[in-house]
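Per-entry structural report
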Amino acid sequence: MREERRSASEELFATERKMKDFLKPYFLEIGLTLGQGQPRILKNLLKKDHVTQKELADICHLDVTTMSRTLDKLEKRGWLCRKRDENCRRSYRIILTEAGREKAREVVKGMLFRDEAAWKGFDRQEMETMFGYLKRIAENLEEADCQNLTNSGL
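In this report, the structure presented in the accompanying data block is examined. Quick caveat: nothing in here was measured; it's all calculated off a predicted structure.

With that settled, the discussion passes to the packing of aromatic side chains. For the coordinates displayed, the defined rule picks out 4 aromatic pairs. Geometrically, the ring pair formed by Trp 119 and Phe 122 is edge-to-face, given 5.0 Å between the ring centres and 80° between the ring planes. By relative accessible area, Phe 122 is classed as partly exposed at 38%.

The structure is reproduced here in C-alpha cells:
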C-alpha cells in the first residue's frame, strides 16, 4: 500500500505539472511572468476585487511576500491599482484596472481551453467522481496530524 500511495502522490504532482506546463507558452505570449502566481491573482481578482492583499494571498495560496512583489509588478504594468482601505489606514484594497480585467479574461480563456483539453473523453459522472476523490484526499490531509509522523513506524 505504501508503494501505491507514493505512486498516487507522484501522479498528482505530474498532472499538476502538466496542467501548468500546458499554459506556459500562452501565458508568456500574453505577457505574464510565470512562477509568481500572476495568472491565479488576475483570475481571482476578476471573480472578486476590492480585496486586501492578505485576503488575496489567502485566496491564491501565496505567501504575503510573494504576493507583495507580484502585485508591484502587476501594478507597474497597469493591470491593477491599490486603493487605501477606508476602514484601515494601514491596508489597501486591490482593484483591477480595465486593462487588468481584459488580461484576466485572457487568463480565464486559457484556463478554460486547458480544462477542456484535460477532460476530453470524460463524461460528467467520471468528472464528478474524480472531483470527489480529490476532495476526499484534501479532507484526509486536513484531518491528519503530522505530529504523529514520528511515531507512525513508517
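Once you've had a look at it, read on.
As a further point, take a nonpolar patch on the surface. A cluster of nonpolar side chains, Leu 12, Met 130, Phe 131, Tyr 133, Leu 134, Ile 137 and Leu 141, forms an exposed patch at the surface whose accessible area comes to about 640 Å². The leading source of residues in the nonpolar patch is helix α6 (residues 124–143), at 6 residues. Mapped onto the elements of the fold, Tyr 133 is located in helix α6.

A few words now on the pairing of strand β3 (residues 92–96). Examined bridge by bridge, strand β1 (residues 51–52) and β3 share 2 bridges and lie antiparallel to one another. Along β3, the bridge assignment pairs Val 51 with Ile 94. With 5 bridges connecting them, strand β2 (residues 80–84) and β3 associate as antiparallel partners. Note that in β3 the partner of Lys 83 across the bridge is Arg 93.

On the basis of which strands lie adjacent, the open sheet formed by 3 strands has the order β1-β3-β2 and antiparallel pairing. Every interior strand has two partners, whereas the edge strands, β1 and β2, have only one. Of the strands in this sheet, β1, β2 and β3 are in contact with helix α2 (residues 38–47), which crosses β3 at around 95°.

This part is about the pattern of salt bridges. A complete count under the given rule lists 11 salt bridges for this structure. Note that Asp 58 is salt-bridged to Lys 54, the shortest N-O span being 2.9 Å. Placement of both Asp 58 and Lys 54 in helix α3 (residues 53–60) is noted, with a separation of 4 residues, approximately one turn of the helix. By relative accessible area, Asp 58 is classed as partly exposed at 46%. Its relative accessible area of 48% is what places Lys 54 among the partly exposed residues. Across the pair Arg 105 and Glu 102 runs a salt bridge, and its minimum N-O distance is 3.6 Å. Here Glu 102 and Arg 105 lie together in helix α5 (residues 98–118), a separation of 3 residues that amounts to about one turn.

In this section: α5. Under the 1.5 Å per step criterion, the end-to-end length of α5 is 30 Å for 21 residues, consistent within 8% with the ideal 30 Å. Turning to α5, its buried residues number three or more, namely Gly 100, Lys 103, Ala 104, Val 107, Gly 110, Met 111 and Arg 114. Each buried residue of α5 lies within a common arc of 120° when the element is viewed along its axis, so the set occupies one face. Residues Glu 98, Lys 109, Leu 112, Phe 113 and Glu 116 are exposed on α5 and point more than 90 degrees away from its buried face.

On the secondary structure map, Arg 77 appears in the loop between α4 (64–76) and β2. We classify Arg 77 as partly exposed; its relative accessible area is 40%.

Conventions adopted
- Residues numbered from 1 in each chain as written.
- Predicted model: local features only at pLDDT ≥ 70, side-chain atom pairs only at ≥ 80, totals over all residues.
- Heavy atoms only, no water.
- Phe/Tyr/Trp six-rings, centres within 6.5 Å; stacked < 30°, edge-to-face > 60°.
- Buried < 20%, exposed > 50% of the residue type's maximum accessible area, 1.4 Å probe, protein only.
- Patch = residues over 30% accessible without salt bridge, like charges linked within 9 Å, V, L, I, M, F, W, Y side chains within 5 Å.
- Areas by Shrake-Rupley, 256 points an atom, 1.4 Å probe, with all protein chains shown as cover.
- Salt bridge = Lys/Arg side-chain N within 4 Å of Asp/Glu carboxyl O.
- Helix = DSSP H or I, 4+ residues; strand = E, 2+ residues; numbered from the N terminus.
- Pairing = 2+ DSSP bridges.
- Contact = heavy atoms within 4.5 Å.
- Axes fitted to C-alpha atoms, helices over the stretch in contact; angles between N-to-C directions.
- Expected span 1.5 Å × (residues − 1).
- Arc of directions from axis to C-beta.

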